[in-house]
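So you can see what is in the structure, the chains are spelled out below.
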Amino acid sequence: MNEMRGLFDKIKNLVVYDADKEFYAKIFPDSVSKKDLLRFRTMTTADLPAVLAIERKNYQFPWEEDVFTDCFKAGYGCYVCEAMDKVLGYCLLSIAVGEAHVLNISVAADEQGQGIGRKMLQFLVETARGRAETVFLEVRVSNEIAIALYQDEGFNEIGIRKAYYPAIDGREDAMMLALQLF
Ligand SMILES: CC(C)(COP(=O)(O)OP(=O)(O)OC[C@H]1O[C@@H](n2cnc3c(N)ncnc32)[C@H](O)[C@@H]1OP(=O)(O)O)[C@@H](O)C(=O)NCCC(=O)NCCS
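Residues numbered from 1 in each chain as written. Predicted model: local features only at pLDDT ≥ 70, side-chain atom pairs only at ≥ 80, totals over all residues.

Asks: Hey, could you run me through the overall build of the chain in this one?
Replies: When helices and strands are tallied, the chain shows 6 helices and 7 strands. If you list the helices and strands of the chain from N to C, you get α-α-β-α-α-β-β-β-α-β-α-β-β. Of all 182 residues assigned to the chain, the portion counted as buried reaches 21%. Contacts in the chain between residues far apart in sequence, at least 24 positions, make up 55% of those at least 6 positions apart. (Helix = DSSP H or I, 4+ residues; strand = E, 2+ residues; numbered from the N terminus. Buried ≥ 20, exposed ≤ 12 C-beta atoms within 10 Å, placed from the backbone. Contact = placed C-beta atoms within 7 Å.)

Set out below in structure tokens:
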């Protein structure tokens, strides 16, 4: 019983702490950093307008709405990262037969370079831990920023898929990366 109460108090404190941070951020915007306000939650259809707006700005060949809804239907892990109820980024992960695949990871153009992408990648890796042995992903060989992030988080190059992506002037190769989880 005491253990239950202890657990309850812990959860209550966490919730109060988060609510406090948002309260202070509203009153004193400079007193709380954006990183402290980041939250992850499952993406819903209501998020799609915000998600698609980011997607269309970030990619020359963006996913259309049906790709996101197919991911929902397939039961993939679809998450948004938000602060103060504003979607700043999103990430999607599939897990099957011991393999996790990062399907998309994307931060709003005007929110990049503040550590949000790294937080999302770490979140996906933690989501996969215990359910998959390896996390895989593919990235355009020209996407130096994303490659730097993945390698810094411990992903290793495992191969190149020739002409994997459409490109303005033909096709572009994909770099395949993997992270062992144990
Ligand atoms: C790739 C992406 C998700 C990274 O997210 P982000 O929030 O901008 O990145 P972070 O601020 O977490 O930075 C993580 C690392 O990325 C690299 N990076 C970020 N911005 C960079 C820049 N302008 N120039 C060079 N490297 C950069 C750095 O290695 C950085 O680590 P550091 O802060 O220790 O130097 C984001 O840039 C994005 O959404 N890009 C468009 C969509 C995309 O290409 N997605 C990946 C598809 S595979």
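Asks: Help me understand the sheet that holds strand β2 (residues 77–83) in this model?
Replies: Strand pairing within a sheet occurs via backbone hydrogen bonds; the two strands may be parallel or antiparallel. Taken in spatial order, the 7 strands line up as β1-β2-β3-β4-β5-β7-β6 in an open sheet, and their pairing is mixed. Where the open sheet ends on each side, the last strands, each with one partner, are β1 (39–42) and β6 (156–167). For this sheet, the mean inter-axis angle between neighbouring strands, taken without regard to orientation, is 30°. On top of the sheet, helix α5 (residues 116–128) reaches β1, β2, β3 (86–96), β4 (99–107), β5 (134–140) and β7 (170–180); it is set at about 30° to β3, its chief contact. Where helix α6 (residues 144–152) meets the sheet, it contacts β5 and β7, and its direction lies at approximately 160° from that of β5. (Pairing = 2+ DSSP bridges. Axes fitted to C-alpha atoms, helices over the stretch in contact; angles between N-to-C directions.)

Asks: Help me understand the site of the ligand in this model?
Replies: Around the ligand, a shell composed of 18 residues is seen, among which Q112, G117, R118, A148 and L149 lie nearest. Sorting the residues of the shell around the ligand by element identifies β4, α5 and α6 as the ones contributing at least two each. Element by element, the count of residues in the shell around the ligand is highest for α6, at 5 residues. Looking at the shell around the ligand, its residues break down into 8 nonpolar, 8 polar and 2 charged. (Near = placed C-beta within 6 Å. Nonpolar A, V, L, I, M, F, W, Y, C, P; charged D, E, K, R; others polar.)

Asks: So what exactly am I meant to see when it comes to unusual backbone geometry here?
Replies: Trans is the prevailing form of peptide bonds, just as negative phi is the prevailing case for residues other than glycine. One non-glycine residue, D85, lies in the positive phi region at around 70°. Inspection of the secondary structure assignment puts D85 in the loop between β2 and β3. The backbone of A163 shows a phi angle near 50°, a positive value even though the residue is not glycine. Structurally, A163 is set in strand β6.

Asks: Is there a simple way to think about the pairing of β6 in this case?
Replies: Consecutive residues of a regular strand have side chains that alternate between opposite faces of the sheet. The element β6 is largely exposed, with a buried count of 0 among its 12 residues. With 8 bridges connecting them, β6 and β7 associate as antiparallel partners. Within the sheet, the bridge partner assigned to A167 lies in β7 and is G170. Counting the residues that bridge the hairpin from β6 to β7 gives 2 residues.

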